[in-house]
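# Structural overview
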Amino acid sequence: MLILGIESSCDETSIAVVKDGKEILSNNISSQIEIHKEYGGVVPEIASRQHIKNIAAILDESLAQANVTLDDIDYIAVTYAPGLIGALLVGVSFAKGLSYGHNIPLVPVHHIKGHIYANFAEHDVKLPCIALVVSGGHTNIIHIDENHKFTNLGGTLDDAVGETMDKVARVIGIGYPGGPVIDRMYYEGNPEFLKIPEPKVGEYEFSFSGVKTNVINYVNKMRMKGEEFKKEDLAASLQKTIVDILCKKVLKACEDKNVKQIIIAGGVAANSLLRSQLKEKGEALGIEVSYPSMKLCTDNGAMIAIAAYHKLMNGYKPKDSLSLNGIATLNIADEKE
Ligand code: KG4
Ligand code: ZN
């Protein structure tokens, strides 16, 4: 089964061809990071326009690289939510047009499910499992049962993990996106430098707004006094605090639910400390910890195709492309995720 996966929810335009939910024949990603860097974050209107500019060429490249044509494609998968509305609209409209024009059934995919299912292409994921979803917009602990039923155990009450890192990075002036930079700086700083108290929230809940403010307050204090500080120490302290909190909560969820498999998903799954710490701590408790390869961690079309494959395997019946609630709207209203 060949699935074309289309992703355009934020600042990456990506189209992939995936065979049988596992074999990635192509996965072209056009990142807009260099364009948005100047503004310190993604500018939605610019993102949408860039998607429009790039999407057709990326399709051509992905098909050529996979050595297939649209006639070989069995299904078109597209991210329909969540994300920047204008950005999503480009991918969904493009997918609907292709679907209608070439008579290929359309499978709408929830972006976060894409991140989660990226793990299934590269690992033998055993269900039930706990998925730790950590991205620029999400921080959730999700239980997935043997029938692929998802239950959200808890999430962030305010900022997401990636957002926290990006915002702190902006304040200390180390560039955008902040996550990868903080990850690199961790190894040059002292993680014990700043003691950041753990927020007091529910068992599976997160709150990173206070963590962020703690670091920012320190920076402001030092700047007011005209004193120097080492950015690496702040990056290291922030990363250590965040990873400790994530590990503690996700391991507790495994213990409570008697689950022996964790999968990490989303852009922050690329974080080196989170990967190593959770693996080490999990394995000490007999819990297997898996995460996608770097290329599948950040937004990409392959993860959308892989999620669509599992959606189909679990009984999803694609609808006629024209009945998907109108060509121009994103509200694929009969989708329940
Ligand atoms: O999943 P993603 O590509 O986009 C969203 O759906 O949000 O995640 C982007 C987020 C950004 O906040 C970025 O800073 C973060 O992932 N990120 C990282 C790392 N690489 C990317 N955060 C921590 N460590 C990394 N190595
Ligand atoms: Zn994402």
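What counts and what doesn't
Residues numbered from 1 in each chain as written. Chains lettered and ligands numbered in written order. Predicted model: local features only at pLDDT ≥ 70, side-chain atom pairs only at ≥ 80, totals over all residues. Heavy atoms only, no water. Core = buried A, V, L, I, M, F, W, Y, C linked by side-chain atoms within 4.5 Å. Buried < 20%, exposed > 50% of the residue type's maximum accessible area, 1.4 Å probe, protein only. Helix = DSSP H or I, 4+ residues; strand = E, 2+ residues; numbered from the N terminus. Contact = heavy atoms within 4.5 Å. Axes fitted to C-alpha atoms, helices over the stretch in contact; angles between N-to-C directions. Parallel < 35°, antiparallel > 145°, perpendicular 65-115°, else oblique. Nonpolar A, V, L, I, M, F, W, Y, C, P; charged D, E, K, R; others polar. Domains from an automatic or database assignment. Buried area = accessible area lost by both parts, 1.4 Å probe. Salt bridge = Lys/Arg side-chain N within 4 Å of Asp/Glu carboxyl O. Polar contact = N/O pair within 3.5 Å; in protein donor to acceptor, adjacent residues only side chain to side chain. Pairing = 2+ DSSP bridges. Near = heavy atom within 4 Å. Areas by Shrake-Rupley, 256 points an atom, 1.4 Å probe, with all protein chains shown as cover.

What follows concerns the nonpolar core. Counting residues in hydrophobic clusters, the biggest one holds 52 residues, and the most contacted among them are Leu132, Leu246, Ile264 and Leu278. Put simply, the parts of the chain that give this core at least two residues each are strand E6 (129–134), helix H5 (161–172), helix H6 (178–185), helix H7 (209–225), helix H8 (231–257), strand E9 (261–265) and helix H9 (272–284). Once residues lying within four places of it in the same chain are set aside, the contact partners of leucine 132 are Asn140, Ile141, Leu246, Val250, Ile263, Ile264, Ala265, Leu274 and Leu278.

At a minimum axis distance of 10 Å, the contact between H5 and H7 shows a crossing angle of 5°. One finds that H5 runs roughly parallel with respect to H7. Contacts between H5 and H7 involve Thr164, Lys167, Val168, Val171 and Ile172 from the first element and Lys212, Val215, Ile216, Val219 and Arg223 from the second. In the contact of H5 with H7, the residues fall into six nonpolar, one polar and three charged.

A few words now on the domain arrangement of the chain. We note that the domain assignment places domain 1 (2–115 + 296–334) and domain 2 (126–293) within the chain. Taken over C-alpha atoms, the centre of domain 1 sits 28 Å from the centre of domain 2. Facing the 17 residues of domain 1 at the interface are 16 residues of domain 2. Together, the buried faces of domain 1 and domain 2 total about 1,300 Å²; carbon and sulfur atoms form 69% of this surface. Three residues, Ile112, His115 and Cys297, lead the burial of domain 1 against domain 2; their summed loss comes to 40% of the area buried on that side. The interface formed by domain 1 and domain 2 contains zero salt bridges. For the pair domain 1 and domain 2, the number of links is three residue pairs in polar contact (both at pLDDT 80 or more). Of all the secondary structure elements, the ones that give two or more residues to the side of domain 1 that touches domain 2 are helix H1 (33–37), helix H4 (111–122) and helix H10 (294–297). Here the side of domain 1 that touches domain 2 is composed, by residue class, of seven nonpolar, seven polar and three charged.

With that out of the way, let us pick up the side chain of glutamine 239. Counting through the fold element by element, glutamine 239 comes out in helix H8. Overall, the relative accessible area of 0% leaves glutamine 239 in the buried class. One polar contact links glutamine 239 to aspartate 183, side chain to side chain, over a distance of 3.2 Å. Setting aside anything within four residues of it in sequence, one finds glutamine 239 in contact with Met165, Ile182, Asp183, Tyr186, Asn271 and Leu273.

The next point concerns the sheet that holds strand E2 (residues 12–19). Taken together, the five strands give an open sheet; going across it, the order is E3-E2-E1-E4-E5, and neighbouring strands pair in mixed fashion. Edge positions in the sheet fall to strand E3 (23–31) and strand E5 (106–110), since each of these pairs with one other strand and no more. Across the sheet, the mean angle from the axis of one strand to that of its neighbour is 20°, orientation sign disregarded. Pairing analysis gives eight bridges linking E2 to E3, with the strands arranged antiparallel. Its bridge partner being in E3, glutamate 12 is matched across the sheet by serine 31.

Our next topic: the sheet that holds E6. With respect to topology, five strands assemble into an open sheet ordered E8-E7-E6-E9-E10, the strand pairing being mixed. In the strand order of this sheet, the two ends are held by strand E8 (150–155) and strand E10 (288–290), each with one partner. Here the average twist between neighbouring strands, direction ignored, is 20°. Note: E9 against E10, three bridges, orientation parallel.

In terms of burial, H4 is a largely internal element, 11 of the 12 residues being buried. All buried positions along H4 are accounted for by His111, Ile112, Lys113, Gly114, His115, Ile116, Tyr117, Ala118, Asn119, Phe120 and Ala121.

Moving on: the site of ligand 1. Surrounding ligand 1, one finds 18 residues, the nearest of these being Gly136, Asp166, Asp183, Gly267 and Asn271. Glycine 162 has a polar backbone atom sitting 3.4 Å from an oxygen atom of ligand 1. A distance of 3.0 Å is found between a nitrogen atom of ligand 1 and a side-chain nitrogen or oxygen belonging to aspartate 183. In isolation ligand 1 has 560 Å² of accessible area, and contact with the protein removes 87% of it. Secondary structure elements with two or more residues in the shell around ligand 1: H4, H5 and H6. When the residues that make up the shell around ligand 1 are grouped by side-chain class, the tally is five nonpolar, 10 polar and three charged. Two domains each donate at least three residues to the shell around ligand 1, and these are domain 1 (2–115 + 296–334) and domain 2 (126–293).

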